[in-house]
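Reading the structure
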Amino acid sequence: MPFEWNQVGTSFSVMWLYNYMAGGLFPPDEAEVKGKSFAEVTDIGVKRIHDANGGLGIPYSFLMWHWGMVCVFLGLYSTVFYLTTPIGDEFPWLTFVQKLIVWFYMWESL
């Protein structure tokens, strides 16, 4: 399904995010790995991950969620930083980094 710019914003359905994979193969059949050693099973898994037609297989919905949360984090952090930090002639880089570290730890603890 090619992307069509004239269709942008015409539907509120986001279910397509669950359908398309950014690479990915289904797990191997049980017969392919049954009775093999751990090293052989590992080799099968590595071949599947590095397959040019497959890959890790992360659904777009996960990628969109991740990058959406990155944008939310940056937006909230920037807003709080500029509202709580007096900025003089020079940009307060040390304060910027210190608040970024605290904010990131707080964000990750959620």
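Residues numbered from 1 in each chain as written. Predicted model: local features only at pLDDT ≥ 70, side-chain atom pairs only at ≥ 80, totals over all residues. Heavy atoms only, no water.

Focus: the overall build of the protein
In terms of helices and strands, the protein carries five helices and two strands. The helix and strand sequence of the protein, counted from the amino end, reads α-β-α-α-β-α-α. Looking at the 110 residues of the protein, the share that counts as buried comes to 12%. Across the protein, the fraction of contacts at a sequence separation of at least 24, relative to all contacts at a separation of at least 6, is 55%. (Helix = DSSP H or I, 4+ residues; strand = E, 2+ residues; numbered from the N terminus. Buried < 20%, exposed > 50% of the residue type's maximum accessible area, 1.4 Å probe, protein only. Contact = heavy atoms within 4.5 Å.)

A short note on a nonpolar patch on the surface
On the surface, Val-97, Ile-101, Phe-104 and Tyr-105 cluster together into a nonpolar patch covering about 390 Å² of accessible area. Note on placement: Tyr-105 falls in helix H5 (residues 93–109). Here Tyr-105 falls in the exposed class, since its relative accessible area comes to 57%. (Patch = residues over 30% accessible without salt bridge, like charges linked within 9 Å, V, L, I, M, F, W, Y side chains within 5 Å. Areas by Shrake-Rupley, 256 points an atom, 1.4 Å probe, with all protein chains shown as cover. Salt bridge = Lys/Arg side-chain N within 4 Å of Asp/Glu carboxyl O.)

With respect to the confidence of the model for the protein
Chain-level statistics for the protein give a pLDDT mean of 81 and a share of 77% at 70 or above. Mean pLDDT values for the elements of the protein range from 56 in strand E1 (residues 21–22) up to 93 in H5. (pLDDT = per-residue confidence, 0-100.)

Re the packing of aromatic side chains
As enumerated under the stated definition, the model contains 13 aromatic pairs in all. Ring geometry for Phe-73 and Trp-107: centres 5.5 Å apart, planes at 70°, overall edge-to-face. Residue Phe-73 is found in helix H4 (residues 60–84), and its partner Trp-107 is found in helix H5; the two are separated by 34 residues along the sequence. Judged by relative accessible area, which is 23%, Trp-107 ranks as partly exposed. Plain terms: the ring middles of Phe-81 and Tyr-82 are 5.2 Å apart, the flat faces sit at 75° to each other, and that makes the pair edge-to-face. In this structure an aromatic cluster arises from ring pairing among Phe-73, Tyr-77, Phe-81, Tyr-82, Phe-91, Trp-93, Phe-96, Trp-103, Phe-104, Tyr-105 and Trp-107. (Phe/Tyr/Trp six-rings, centres within 6.5 Å; stacked < 30°, edge-to-face > 60°.)

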